[in-house]
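Tertiary structure, described
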Amino acid sequence: MLSASSEGPVEPDSDDLVSWLRERVLVMVRSQGRDLSLRQLGVLLTIGEPGGPHTIKGVAEATGVEAPGVARAADALEAYKLTRRLIGKDRRAARLEVTPSGRALVGALGTQLSAKMPVA
């Protein structure tokens, strides 16, 4: 249900937002062919943001997830061919990059999330 504010636009209430999120998540789970965890999805979206190069340490700092958790998520994303590691001279500071398949997934996610988004 949308709730009216006396000061401005109509805002969706928490039930609307939860229903919307549930619907979008189920669409993603049914359509992906791979089932990403929230951590993996968060890492993928962070790596895809401009401002790289992204490293395990940088993603850990940006997400508030400890580096070993980011490394495990990056391993899974690499196995799914959604990201890749670019190894330089210092193997400890590998850069993380989203692959074309990963970009396609993020684009499809954006399309799915924008569908029927509650009006703020």
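Since this is a predicted model, take the numbers as computed values, not measurements.

**Some thoughts on the overall build of the protein chain**
Looking only at helices and strands, the protein chain features five helices and five strands. In the protein chain, the order of α-helices and β-strands from amino to carboxyl end is β-β-α-α-β-α-α-β-β-α. Looking at the protein chain alone, contacts between residues at least 24 apart form 53% of all its contacts between residues at least 6 apart. Accessible surface, the protein chain as shown: approximately 8,000 Å² in total, 57% of it carbon and sulfur.

**Here's the deal with the confidence of the model for the protein chain**
Of the residues in the protein chain, 80% have a pLDDT of 70 or more, and the chain-wide mean is 82. Helix H4 (residues 67-79) holds the highest mean pLDDT among the elements of the protein chain, 95, whereas strand E1 (residues 2-5) holds the lowest, 47. Scored below 50 in pLDDT, residues 1-5 shows 11 contacts in the model against residues more than four places distant or in partner chains.

**Comments concerning a nonpolar patch on the surface**
On the surface, a cluster of nonpolar side chains totalling about 220 Å² of accessible area is made up of Leu 21, Val 25 and Val 29. Residue classification places Val 25 among the partly exposed positions, given a relative accessible area of 32%.

**Quick word on the nonpolar core**
Counting 18 residues, the largest nonpolar core has Leu 36, Val 43 and Leu 44 as its most contacted members. Of all the secondary-structure elements, those providing two or more residues to this core are helix H2 (38-47), helix H3 (56-63), H4, strand E5 (95-98) and helix H5 (100-114). Not counting the four nearest positions on each side in its chain, Leu 36 is found in contact with Leu 41, Leu 44, Leu 77, Tyr 80, Leu 82 and Leu 105.

**A word on the packing of H2 against H4**
What describes two packed helices is the angle between their axes and the distance between those same axes. Closest axis-to-axis distance for the H2/H4 pair is 9 Å, and the angle between their directions is 85°. Our classification of the angle between H2 and H4 gives roughly perpendicular. Where H2 approaches H4, its residues Arg 39, Gln 40, Val 43 and Leu 44 are matched on the opposing element by Gly 69, Val 70, Arg 72, Ala 73, Ala 76 and Leu 77. Among the residues making up the contact of H2 with H4, the classes are represented as six nonpolar, two polar and two charged.

**Thoughts on the sheet that holds E5**
Spatial ordering of the open sheet is given by E3-E5-E4, a layout of three strands whose pairing is antiparallel. With partners counted over all chains shown, the strands left at the sheet margins are strand E3 (54-55) and strand E4 (83-86), one partner each. Here E3 runs beside E5; their pairing, made up of two bridges, is antiparallel. Paired with His 54 across the strands is Leu 96, a residue of E5.

**Thoughts on the pattern of salt bridges**
Enumeration over the complete set of coordinates arrives at three salt bridges. For Arg 85, the salt bridge goes to Asp 75, with nearest N and O atoms at 2.9 Å. Here Arg 85 is found in strand E4, whereas its partner Asp 75 is found in helix H4, with 10 residues between them in sequence. Residue Arg 85 is classed as partly exposed on the basis of its relative accessible area of 24%. You can call Asp 75 partly exposed: its relative accessible area is 41%. What you see here is one network of salt bridges that share partners, running through Asp 75, Glu 78 and Arg 85.

Rules and cut-offs
- Residues numbered from 1 in each chain as written.
- Predicted model: local features only at pLDDT ≥ 70, side-chain atom pairs only at ≥ 80, totals over all residues.
- Heavy atoms only, no water.
- Helix = DSSP H or I, 4+ residues; strand = E, 2+ residues; numbered from the N terminus.
- Contact = heavy atoms within 4.5 Å.
- Areas by Shrake-Rupley, 256 points an atom, 1.4 Å probe, with all protein chains shown as cover.
- pLDDT = per-residue confidence, 0-100.
- Patch = residues over 30% accessible without salt bridge, like charges linked within 9 Å, V, L, I, M, F, W, Y side chains within 5 Å.
- Salt bridge = Lys/Arg side-chain N within 4 Å of Asp/Glu carboxyl O.
- Buried < 20%, exposed > 50% of the residue type's maximum accessible area, 1.4 Å probe, protein only.
- Core = buried A, V, L, I, M, F, W, Y, C linked by side-chain atoms within 4.5 Å.
- Axes fitted to C-alpha atoms, helices over the stretch in contact; angles between N-to-C directions.
- Parallel < 35°, antiparallel > 145°, perpendicular 65-115°, else oblique.
- Nonpolar A, V, L, I, M, F, W, Y, C, P; charged D, E, K, R; others polar.
- Pairing = 2+ DSSP bridges.

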